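# Observations on the three-dimensional arrangement
Residue strings, one per chain:
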Amino acid sequence: MLFGKVVGTVVASQKDPKLEGLKLQLVAGVDSRGKAGQNYVVAADSVGAGQGEIVLYATGSSARQTDITNNKPVDAVIMAIVDQWDIDDKLVFKK
Amino acid sequence: MLFGKVVGTVVASQKDPKLEGLKLQLVAGVDSRGKAGQNYVVAADSVGAGQGEIVLYATGSSARQTDITNNKPVDAVIMAIVDQWDIDDKLVFKK
Amino acid sequence: MLFGKVVGTVVASQKDPKLEGLKLQLVAGVDSRGKAGQNYVVAADSVGAGQGEIVLYATGSSARQTDITNNKPVDAVIMAIVDQWDIDDKLVFKK
Amino acid sequence: MLFGKVVGTVVASQKDPKLEGLKLQLVAGVDSRGKAGQNYVVAADSVGAGQGEIVLYATGSSARQTDITNNKPVDAVIMAIVDQWDIDDKLVFKK
Amino acid sequence: MLFGKVVGTVVASQKDPKLEGLKLQLVAGVDSRGKAGQNYVVAADSVGAGQGEIVLYATGSSARQTDITNNKPVDAVIMAIVDQWDIDDKLVFKK
């Protein structure tokens, strides 16, 4: 999993029927120091993350292991909202 | 998923039998600001995207989770046509 | 899928038994303008591609969705020989 | 698999129910000479690795092949603590 | 699949039980001209490759399609020892 920051929402009305009802979030990649970068991913949201929140997302087939993404053509899912992390026992990020 | 722009069509008459009838689109990668880059992917099209349209595509095993790609040797699929997205509540792209 | 150019053949006599009989091609990556680069992949060949031909290859679990690669430790397969493609309605490659 | 160094722990209280009870470690990538880099991954821990330990982690669907990650939306798992490795018969790392 | 050179062995006594008995090799990436680089992967060995040998390895779920890696948390496997390959009909590598 990688850290990401929810920066926006993607709207797509014409889509594969299996995607109906899925919220698609635009997620900027976040490095281990908590800094958002230029890379991004569009991910289904299984946890109701809000704009600006730091999340964890999983990619590939693992992204289909939630109730809302099961058997769907989705290759990235937000599966957690991050409370905090530390590096070398120093707090790096706290919600 | 990532944003892409449909820039062309790929014709291949000699192919694995499972690919018969699939439309293969040439998709240029698009960054989170809506700018198309040099990277590309050839993707099966499950939504009837037209030339120049901005789409979402999924890769890996997730690309086989649509009716048209199921059990086929296809590792990328267009699964949505994008209407719009925003970053930090500002509209970045609108169809 | 990505474009590739078949540039050679790989011979390996000592291998996993499941690979017996598979032709392994050395494929140079080809960009969307048709130019071969330094990157490469070794792919099983499901379509009988010849030296110098421009092909499409799929990677990951999708590479195991052909009759010849099913359940085998193969992560790349040539699944089509490309006839032509265009970008912005201009022909880029024609066989 | 790749080498990594456990540098911290990630706390996430709001998450997909399948993640309950999983310890999520922040793992810095380590090169073949044993040097930690800027890249990272957040991985589930199947072996009880401690802060600072050099580990092996697997990604993708393979990350779900442990008892604790089976069928969960997890795309990286620590599956071994490294004792030592050598390159060209010279010891590079020893725990 | 990609070319690699077996450069060392990885020892890990504390590991997921499914890894018991698997030999883990340190494999340096090798480009299409036969030159080893700085990138590496740790791979299970299904063919008994020796130190210094040039091999083919597969990654992802395909790495679990050998008898020794089936259902195990392993994302890379050596599945062939390379005898030779050519580029544009010129021999590049011969064992």
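Scroll up for the structure.
Residues numbered from 1 in each chain as written. Chains lettered and ligands numbered in written order. Predicted model: local features only at pLDDT ≥ 70, side-chain atom pairs only at ≥ 80, totals over all residues. Heavy atoms only, no water.

## Section: the arrangement of the chains
No part of chain C reaches chain D; the closest C-alpha pair between them is 10 Å apart. Separated without contact, chain B and chain E have their nearest C-alpha atoms at a distance of 10 Å. (Contact = heavy atoms within 4.5 Å.)

## Digging into the relation of the copies chain A and chain B
It takes a turn of 72° to lay chain A on chain B, together with a shift of 0.0 Å along the axis; the resulting RMSD is 0.0 Å. Within this description, the copies of the chain are treated as partners about a five-fold rotation axis. A low fraction, 3%, of the interface residues of chain A reappear at the interface in chain B, so the copies pair through non-equivalent surfaces. (Least-squares fit on C-alpha atoms with pLDDT ≥ 70 in both.)

## A word on the pairing of strand β6 (residues 76–81) of chain D
Of all the six residues making up β6(D), six are buried; the element is thus mostly covered by neighbouring parts of the structure. With five bridges connecting them, strand β5 (residues 54–59) of chain D and β6(D) associate as antiparallel partners. Looking at β6(D), one finds that D:A58 is bridged to D:V77. As paired strands, β6(D) and strand β2 (residues 14–15) of chain E are joined by two bridges and run antiparallel to one another. Its bridge partner being in β2(E), D:I81 is matched across the sheet by E:Q14. (Buried < 20%, exposed > 50% of the residue type's maximum accessible area, 1.4 Å probe, protein only. Helix = DSSP H or I, 4+ residues; strand = E, 2+ residues; numbered from the N terminus. Pairing = 2+ DSSP bridges.)

## Examining the pattern of salt bridges
Between side chains of opposite charge, pairing is possible as soon as their charged atoms come close. All names here are of chain A. If you walk through the whole model with that rule in mind, you get five salt bridges over all chains. A salt bridge links E53 to K95; the nearest nitrogen and oxygen atoms lie 3.0 Å apart. Taken as a pair, E53 in the loop between β4 (36–45) and β5 (54–59) and K95 in the segment after β8 (90–94) lie far apart in primary sequence, 42 residues in all. Of the residues examined, E53 reaches a relative accessible area of 18% and is grouped as buried. (Salt bridge = Lys/Arg side-chain N within 4 Å of Asp/Glu carboxyl O.)

## Describing the interface of chain A and chain B
Contact residues are listed per partner, giving 30 residues for chain A and 29 residues for chain B. Both sides of the chain A and chain B interface together cover about 2300 Å² of buried area, and 50% of this is carbon and sulfur. In this assembly, chain A and chain B are joined by zero salt bridges. At the boundary of chain A with chain B, the tally comes to 17 residue pairs in polar contact (both at pLDDT 80 or more). Among the elements of the structure, β1 (2–11), β2 (14–15), β3 (24–30) and β4 of chain A are those that each provide at least two residues to the side of chain A that touches chain B. Sorting elements by how many residues they give to the side of chain A that touches chain B places β4(A) first, with six residues. Tallied by class, the residues present in the side of chain A that touches chain B amount to 15 nonpolar, nine polar and six charged. (Buried area = accessible area lost by both parts, 1.4 Å probe. Polar contact = N/O pair within 3.5 Å; in protein donor to acceptor, adjacent residues only side chain to side chain. Nonpolar A, V, L, I, M, F, W, Y, C, P; charged D, E, K, R; others polar.)

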